[in-house]
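The residues making up each chain are set out below.
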Amino acid sequence: MERGYRGQENSLCALLDCSAMSAKSAISKEIFAPLDERMLGAVQVKRRTKKKIPFLATGGQGEYLTYICLSVTNKKPTQASITKVKQFEGSTSFVRRSQWMLEQLRQVNGIDPNRDSAEFDLLFENAFDQWVASTASEKCTFFQILHHTCQRYLTDRKPEFINCQSKLMGGNSILHSAADSVTSAVQKASQALNERGERLGRAEEKTEDMKNSAQQFAETAHKLAMKHKC
């Protein structure tokens, strides 16, 4: 019986994943491609605390799905942004809502660094939202992409990532590990060259000493030979 429930649960998760992938693909084509932007990642979310939004603010369209999307421009210099996209009930199209430049992101809160959690907070210069992702794994993937994008495109002021499991920033950790390995290899090679240089230096000094000794011996021998000859 338990296996049956697990099988149904796995099938439902698979269907949700396929649906989410299809939605994200559609968002990329409808919202970002026409503006010559490339969507790097997205996460389907719900608010943890409901905001009191006037009926007219939603256009009276009822229930909706919300996606937090991360995108970059194809034109240089590259600009990254976070966009809130909605899909209202009964509609197959998506609507762009709020948007922030990545530079406006001040803090990313993973809520719990000790366990998998679908909850997270985003703090911007002029906004603060508390979210719950559709799954913890979807949040994890989005966080990895977001962290890597911040490291790549932000040079001055980068957002603070707090209460995050190490795997949530795994993409960048892998890059750091590779960089550390290269740095270590360079340091070892440099040390080996320095040691080799020191050995060569000592050998040159010994050679010079031997040369001087030989010259002194030759001079002494020559003087003795001249003395005996006389």
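Residues numbered from 1 in each chain as written. Predicted model: local features only at pLDDT ≥ 70, side-chain atom pairs only at ≥ 80, totals over all residues. Heavy atoms only, no water.

**Q** What am I meant to see in the overall build of the chain here?
**A** Looking only at helices and strands, the chain has three helices and eight strands in total. Shown N-terminal to C-terminal, the secondary structure of the chain runs as helices and strands in the order α-β-β-β-β-β-β-β-α-β-α. Per-residue burial over the chain gives 29% buried out of 230 residues. Partitioning the intrachain contacts of the chain with sequence separation of at least 6 by distance along the chain shows that 55% fall at a separation of at least 24. When the accessible surface of the chain is split by element, carbon and sulfur atoms take 53% of a total near 15500 Å². (Helix = DSSP H or I, 4+ residues; strand = E, 2+ residues; numbered from the N terminus. Buried < 20%, exposed > 50% of the residue type's maximum accessible area, 1.4 Å probe, protein only. Contact = heavy atoms within 4.5 Å. Areas by Shrake-Rupley, 256 points an atom, 1.4 Å probe, with all protein chains shown as cover.)

**Q** Explain the pattern of salt bridges here, please?
**A** Applying the stated criterion across every chain, the model contains seven salt bridges. Here Lys24 ties to Glu138 by a salt bridge, and the two come within 2.7 Å at their closest N and O atoms. With Lys24 in helix H1 (residues 2–32) and Glu138 in helix H2 (residues 136–153), this pair connects stretches of sequence that are 114 residues apart. No difference in accessibility class separates Lys24 from Glu138, as the two residues are buried. With a shortest N-O distance of 2.4 Å, Arg106 and Glu125 are connected by a salt bridge. Of the two residues, Arg106 sits in strand S5 (residues 105–109) while Glu125 sits in the loop between strand S6 (119–124) and strand S7 (128–133), which places them 19 residues apart along the sequence. A residue is classified by how much of its surface remains accessible, and Arg106, at 18% relative accessible area, is buried. Through salt bridges with shared partners, a single network forms among Arg48, Glu119 and Asp121. (Salt bridge = Lys/Arg side-chain N within 4 Å of Asp/Glu carboxyl O.)

**Q** I tried to follow the pairing of S7 on my own but got confused; where do I start?
**A** On any regular strand, side chains alternate: one points to one face of the sheet, the next to the other face. Only one face of S7 is covered, namely the face carrying Asp129, Trp131 and Ala133; the face carrying Phe128, Gln130 and Val132 is uncovered. For strand S1 (residues 37–47) and S7, the ladder comprises three bridges, and the chain directions are antiparallel. Note that in S7 the partner of Arg47 across the bridge is Trp131. As defined by bridge partners, S6 adjoins S7 across five bridges and the pair is classed as antiparallel. Residue pairing across strands places Glu119 opposite Val132, the latter belonging to S7. (Pairing = 2+ DSSP bridges.)

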